[in-house]
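An overview of the molecular structure
Listed here are the chains, written in short residue letters.
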Amino acid sequence: MKEIIQPVVLELEIEVVNPFSTNPDYKQCRTCQEYKHKIDDYYYHGSSKKTTYLDCTKCLNLRELNRRRAERQEELESSGGSEKVHTQVGVWSDKYQKEQTYMVMKALGYTYSDECGHFLKPGVKEYVDGKLKFYKVNKQKFPNGQKIDYNTPEWKEMFDLYMLGNCSQKQLSMKYGVSTATINKYINRTKNGETC
Ligand SMILES: [Zn+2]
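Residues numbered from 1 in each chain as written. Predicted model: local features only at pLDDT ≥ 70, side-chain atom pairs only at ≥ 80, totals over all residues. Heavy atoms only, no water.

**Quick notes on the coordination of the zinc ion**
Operational definition: A donor here means an N, O or S atom no more than 2.8 Å from the metal, or no more than 3.2 Å when the metal is Na, K or Ca. Since water is not included, a site may seem to lack partners. What counts as a helix is a DSSP run of H or I of at least four residues, what counts as a strand is a run of E of at least two, and both are numbered from the N terminus. Under the scheme applied here, a residue whose accessible area is under 20% of the maximum for its type counts as buried, over 50% as exposed, and between as partly exposed, the area being computed with a 1.4 Å probe on protein chains only.
Surrounding the zinc ion are the protein donor atoms Cys-29 (SG), Cys-32 (SG), Cys-56 (SG) and Cys-59 (SG), at 2.3 Å. Along the chain, the residues donating to the zinc ion fall in the pattern C-x2-C-x23-C-x2-C. On the criterion of sequence distance, the pair formed by Cys-32 in the loop between β1 (26-28) and β2 (35-37) and Cys-59 in helix α1 (residues 57-78) is long-range, its members being 27 residues apart. For Cys-32, a relative accessible area of 26% corresponds to the partly exposed category. Among the residues examined, Cys-59 registers a relative accessible area of 16% and is labelled buried.

**Let's talk about helix α2 (residues 95-107)**
Put simply, the test is: A helix is expected to reach a length of 1.5 Å times the quantity of its residues less one. Regarding the arc, it is the one traced by the directions from the helix axis to the C-beta atoms. By definition, residues are in contact when any of their heavy atoms lie within 4.5 Å. For the purposes of these results, a polar contact is taken to be a pair of N or O atoms within 3.5 Å, where, inside protein, one atom must be able to donate a hydrogen and its partner to accept one; residues adjacent in sequence count only when each atom of the pair is a side-chain atom.
Taking 1.5 Å of rise per residue, 13 residues should cover 18 Å, and α2 covers 18 Å from first to last C-alpha, within 8% of that figure. Considered for burial, the residues of α2 that qualify are Tyr-96, Gln-97, Gln-100 and Met-105. Projected down its long axis, α2 carries its buried residues within an arc of 150 degrees, all on one side. The exposed set on the far side of α2, more than 90 degrees from its buried face, consists of Lys-95, Met-103 and Lys-106. Residues of α2 that are buried in the fold lie against α1 and β4 (118-120). Two or three places before Tyr-96, at the opening of α2, Asp-94 has a side-chain oxygen 3.1 Å from that residue's backbone nitrogen.

**Considering the domain arrangement of the protein**
Condition: Residue ranges labeled as domains rest on an automatic or database domain assignment.
Once the domains are mapped, the protein shows domain 1 (26-73), domain 2 (92-134) and domain 3 (139-196). Each of domain 1 and domain 2 has a C-alpha centre, and the two are 49 Å apart.

**Overview of a nonpolar patch on the surface**
For clarity, the cut-off: Exposure above 30% relative accessible area and the lack of any salt bridge qualify a residue for a patch; like charges then connect within 9 Å, and the nonpolar side chains Val, Leu, Ile, Met, Phe, Trp and Tyr within 5 Å. We get accessible surface area from the Shrake-Rupley algorithm with a probe of 1.4 Å; when it comes to residues, only the shown protein chains can shield them. Each salt bridge in this description consists of a side-chain nitrogen of Lys or Arg and a carboxyl oxygen of Asp or Glu lying within 4 Å of one another.
On the surface, Met-103, Val-104 and Leu-108 cluster together into a nonpolar patch covering about 310 Å² of accessible area. Along the chain, Val-104 falls in helix α2. With a relative accessible area of 48%, Val-104 lands in the partly exposed category.

**Looking at the packing of aromatic side chains**
The test is simple: To pair, rings of Phe, Tyr and Trp, with the six-membered ring standing in for Trp, must have centres within 6.5 Å; the planes then decide the type, stacked if under 30 degrees apart, edge-to-face if over 60, and tilted in the middle. Should the NZ of a Lys or the CZ of an Arg lie within 6 Å of a ring centre and within 35 degrees of the ring normal, that charge is described as sitting over the ring.
Applying the stated criterion across every chain yields a total of nine aromatic pairs. Note on Tyr-102 and Tyr-112: the rings are 5.8 Å apart at their centroids and 45 degrees apart in plane angle, and the pair reads as tilted. One end of the pair, Tyr-102, is in helix α2; the other, Tyr-112, is in strand β3 (residues 111-113), and 10 residues separate them in sequence. A relative accessible area of 30% places Tyr-102 in the partly exposed class. Seen from their ring centres, Tyr-112 and Phe-119 are 5.3 Å apart, and the 65 degrees between their planes marks the pair as edge-to-face. By relative accessible area, which is 23% here, Tyr-112 ends up partly exposed. On the basis of relative accessible area, Phe-119 is assigned to the buried category, the value being 6%. Grouping aromatic residues by their ring pairs yields a cluster made of Trp-92, Tyr-102, Tyr-112 and Phe-119. A cation over a ring is seen here: Lys-27 above Tyr-42, with NZ or CZ 5.2 Å from the ring centre.

**Focus: the packing of helix α3 (residues 153-163) against helix α5 (residues 180-191)**
The criterion, for reference: Throughout, an axis means a line fitted to C-alpha atoms (over the contacting stretch in the case of helices), and angles, computed between N-to-C directions, take values from 0 to 180 degrees. Relative orientations are named as follows: roughly parallel for angles under 35 degrees, roughly antiparallel for angles over 145 degrees, roughly perpendicular for angles from 65 to 115 degrees, and oblique for any other angle. Just so you know the grouping, Ala, Val, Leu, Ile, Met, Phe, Trp, Tyr, Cys and Pro go in nonpolar, Asp, Glu, Lys and Arg go in charged, and all remaining residues, Gly too, go in polar.
Two elements in contact, α3 and α5, have axes separated by 11 Å at closest approach and are oriented at 80 degrees. When the interaxial angle is binned, α3 and α5 end up roughly perpendicular. Contacts between α3 and α5 pair Trp-155, Lys-156, Met-158, Phe-159, Tyr-162 and Met-163 from the former with Thr-182, Ile-183, Tyr-186, Ile-187, Thr-190 and Lys-191 from the latter. Across the contact of α3 with α5, the residue classes break down as eight nonpolar, two polar and two charged.

As structure tokens, this is what we get:
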């Protein structure tokens, strides 16, 4: 009886060769493994334009973007959140800003009140009968609305001193205890013959 010999089937190993791998104008990217055009898809080192980076521009840009995002995240978590601050209390740009502001206010003895939407501290800033009360704020020298009386000898003296060149507005401000802005306004108006 004849022995049946199974024919040996040779398995052909077909090697798939990327046509770009042999093209000198192309280079394989270290990250995405794709063959990309050396001039169009890579950044160069230095000005000689002889060597390109190991990663294609797309991969490099992505890595840079991720690096910046991570840096920004770290900044947000460690420096009180966004530098964009809302004027309204209780409105936050991000959770880091909220968390860290609460932390600082708590350390200063303030707690946020949902009732009025402000940070309150007993004896300093309280919410009484629907109004905010500040107990330790010094009263203004010239409360809003109160008119300054410019018809006093001091104001004329101040003006003369300035016009003679003896005193700067800053010096007058310190001497008479009035802000430079007010002095400036008075001097300019008096010079123009206007009344304050
Ligand atoms: Zn790539």
